[in-house]
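# Fold and geometry: a report
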Amino acid sequence: MSLVLLLAVLGYVAVNLWAVVAGGLPHLGEALGQRETRFALWLSLWTTTVSTLLCVLIGIPCAYLLACRELPGRGLARAVLELPLSLPYLVLGLCLLTVWSSPAGKALKELGLRIVFDPKGIVAVHLLINLPFVIHLAAEAFERVDPELPLTAQTLGATRMQAFRYVTLPLCVPSLASAVLLAWSRGIGEFGATLMLVGVTRMKTETLPGSIYLHISTGENDLALATALLLLLLSLSVQGVSRLAGRKGSDYL
C-alpha cells in the first residue's frame, strides 16, 4: 500500500513538472533572447544573492546567541522570530508596505533609502521572509552540538571565538549550507510579498516570478512556461549544490 502511494505521489509531481518542461523547452531560446527576460533573470539572481548573504551575516550570529547563550527573554525572541514562518507571504508584504509607507518610512525615503516600488524593496522582502528561516535552522544546528566539545576546547586554551570557529562551526557546516541554499531557493521564487511591496514593473522590479505573472496576464503562455522552466533549472542547480555540499560536509567531518 505504501509503495502504491509513493508511486502515485511521484507520478503526480512528475506529470506537473513535465508539463512545464514540455511546454517551456521549445520556447526557452525565444525567452532568453528577450531583453526583458534577461533583466528579470539578472534582477532575481542579484537580489536573491544579496539577501542571502545578508541572512548569513546577520542570521548565524543571532542563531548562535539564541541557541548557546542564556539571554533574558530568549523564549519571547524566538517566538517573535518564528511568527513570520507561519504567515502568508502576502501578509508579510502588507506589513512591509505599511511600515515603509509610514511617516518614518517616508523620512527614510527622503534620506535616499527608497524601498516601496524599488528593486531594493525585493531585498527587504527576502530578509523578512528568510532571515527568521535561517536563524531557526541555524539555531537548531547549533543546539545539536554537544556543549561539552567547545567547553573542552576552551579548557585546552582556546578562546570562545576560537572554539566557535574551529569546533562548533565545522560541526554545523552541512546544516548551515542547507539552510543557506534553501533560503536562496525561497528567495528566487518569492512573488506574493514582492508584488505587494514593489509591484511588477517591466524592466524595473520584474523578477522571474513577476515575469511569469506578466506573461500570463498578456496571454503569452508559451513565454510564461519558458520562464517557469528557467526557475525549475535554477532550483535543480541549487538542489545539486545542496547535495554536493552535504556530501562534502560529511567527508570534512
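My aim in this report is to walk through the structure given alongside it, one point at a time. (Residues numbered from 1 in each chain as written. Predicted model: local features only at pLDDT ≥ 70, side-chain atom pairs only at ≥ 80, totals over all residues. Heavy atoms only, no water.)

## Focus on the packing of aromatic side chains
So the rule is basically this: Any two of the Phe, Tyr and Trp rings considered here, Trp counted by its six-membered ring, make a pair once their centres fall within 6.5 Å; the pair's planes then place it as stacked at under 30 degrees, edge-to-face at over 60, or tilted in between. Here a strand is any run of E in DSSP of at least two residues, a helix any run of H or I of at least four, and the numbering for each starts at the N terminus. Remark: a charge is flagged as sitting over a ring if the NZ atom of Lys or the CZ atom of Arg is within 6 Å of the ring centre and within 35 degrees of the ring normal.
Scanning the entire structure with this criterion turns up 6 aromatic pairs. Judged by centre distance (5.3 Å) and plane angle (40 degrees), the ring pair of Phe191 and Tyr213 falls under tilted. Pair noted here: Phe191 is in the loop between helix H9 (160-188) and helix H10 (192-198) and Tyr213 is in helix H11 (residues 208-217), with a separation of 22 residues, a long-range link. Ring pairs connect the aromatic residues Phe39, Trp42 and Trp46, which therefore count as one cluster. For the cation-ring pair, Arg165 lies above Tyr166, with the distance from its terminal atom to the ring centre recorded as 4.9 Å.

## Digging into the environment of Leu85
The following threshold applies: Relative accessible area decides the class of each residue, using a 1.4 Å probe on protein chains only: under 20% of the type maximum gives buried, over 50% gives exposed, and in between gives partly exposed. Contacts between residues were defined by any pair of non-hydrogen atoms, one from each residue, lying within 4.5 Å.
With respect to the helices, strands and loops of the structure, Leu85 is situated in the loop between helix H4 (74-82) and helix H5 (89-100). Classification of Leu85 by relative accessible area gives partly exposed; the value is 34%. Separated by 27 residues in the primary sequence, Leu85 and Ile58 have C-alpha atoms spaced 17 Å apart. Filtering out sequence-adjacent residues up to four positions away, Leu85 remains in contact with Pro132, Phe133 and His136.

## Here's the deal with empty space enclosed by the protein
A probe as big as a water molecule, rolled over the atoms, marks out the empty space that is left. Rules: The pocket and cavity definitions rest on a 1 Å grid over protein atoms only: a 1.4 Å probe that fits but cannot leave marks a cavity, an open set with protein on both sides within 12 Å along at least five of seven lines marks a pocket, and residues lining either have an atom within 4 Å of a point. Grid points are joined across faces, edges and corners, and a volume is the space filled by probe spheres set on the points. For this classification, Asp, Glu, Lys and Arg are treated as charged, while Ala, Val, Leu, Ile, Met, Phe, Trp, Tyr, Cys and Pro are nonpolar and the rest, including Gly, are polar.
Tallying each qualifying case throughout the model produces 2 cavities of 30 Å³ or more. The space that makes up the largest cavity amounts to roughly 60 Å³. Broken down by secondary-structure element, the contributors of at least two residues to the lining of the largest cavity are H4 and helix H7 (119-143). Of the residues in the lining of the largest cavity, the class split is 5 nonpolar, 1 polar and 2 charged.

## Some thoughts on the nonpolar core
Worth spelling out the cut-off: Note on terminology: a nonpolar core comprises buried Ala, Val, Leu, Ile, Met, Phe, Trp, Tyr and Cys residues joined through side-chain atoms within 4.5 Å.
Residues Ala63, Phe142, Cys172 and Leu176 are the most contacted members of the largest nonpolar core, which totals 19 residues. Only helix H3 (35-68), H7 and H9 provide two or more residues apiece to this core. If you tally residues by element for this core, the top one is H7, at 8 residues. If we skip the residues at most four places from it in the chain, Ala63 touches Ile135, Ala138, Ala139 and Phe142. Among the nonpolar cores identified, the runner-up in size contains 14 residues, and Trp100, Ile115, Ala193 and Val198 belong to it.

## As for the layout of surface pockets
Size it by volume and the largest pocket reaches roughly 270 Å³. Tyr64, Cys68, Arg69, Pro147 and Pro150 are, among the 16 residues lining the largest pocket, the residues nearest its centre. Each residue belonging to the lining of the largest pocket can be placed in one class, and the counts come to 10 nonpolar, 2 polar and 4 charged. There is about 210 Å³ of room inside the second largest pocket. As for the second largest pocket, its lining consists of Leu181, Leu182, Ser185, Ile188, Gly189, Leu231, Ser235, Val238, Gln239, Ser242 and Arg243. Of all the secondary structure elements, the ones that give two or more residues to the lining of the second largest pocket are H9 and helix H12 (221-252). When residues in the lining of the second largest pocket are grouped by element, the largest group, 6 residues, is from H12.

## A closer look at H5
We apply this condition: Helix span, expected: 1.5 Å multiplied by one less than the number of residues in the helix.
Taking 1.5 Å per residue, 12 residues should reach 16 Å; H5 reaches 17 Å between its end C-alpha atoms and fits that length. In this structure, the buried residues of H5 make contact with helix H6 (103-110), H7 and H10.

## A short note on the side chain of His126
The following threshold applies: Polar contact criterion, stated in full: a pair of N or O atoms within 3.5 Å, where within protein one must be able to donate a hydrogen and the other to accept it, and residues adjacent in sequence count only if both atoms are side-chain atoms.
Tracing the chain through its elements places His126 in helix H7. A polar side-chain atom of His126 sits 3.1 Å from the main-chain carbonyl oxygen of Gly187. Contacts of His126, omitting those with residues within four sequence positions, involve Thr47, Thr48, Ser51, Leu131, Gly187 and Glu190.

## So, the packing of H7 against H9
The cut-off we apply is this: To get an axis, a line is fitted to the C-alpha atoms, and for a helix only the part in contact is used. The angle between two axes follows their N-to-C directions and goes from 0 to 180 degrees. For a crossing to be left-handed, the near helix must be turned anticlockwise from the far one by less than a right angle; the clockwise case is right-handed.
H9 packs onto H7 with a crossing angle of 145 degrees between their chain directions and a minimal axis gap of 9 Å. The two elements H7 and H9 meet at a crossing, and its hand is right-handed. Seen from H7, the contacting residues are His126, Ile129, Asn130, Phe133, Val134, Leu137, Ala138, Ala141 and Phe142; seen from H9, they are Phe164, Thr168, Cys172, Ser175, Leu176, Ala179, Leu182, Ala183, Arg186 and Gly187. Along the lines of polarity and charge, the residues of the contact of H7 with H9 split into 13 nonpolar, 5 polar and 1 charged.

## Topic: the packing of H4 against H7
Rules: An angle below 35 degrees is read as roughly parallel, one above 145 as roughly antiparallel, one from 65 to 115 as roughly perpendicular, and any other as oblique.
Packing of H4 against H7 leaves a shortest axis separation of 9 Å and a crossing angle of 135 degrees. Classified by the angle between their axes, H4 and H7 sit oblique to one another. On H7, the residues that touch Arg78, Leu81 and Glu82 of H4 are Pro132, Ile135, His136, Ala139 and Glu143. Each residue belonging to the contact of H4 with H7 can be placed in one class, and the counts come to 4 nonpolar, 1 polar and 3 charged.

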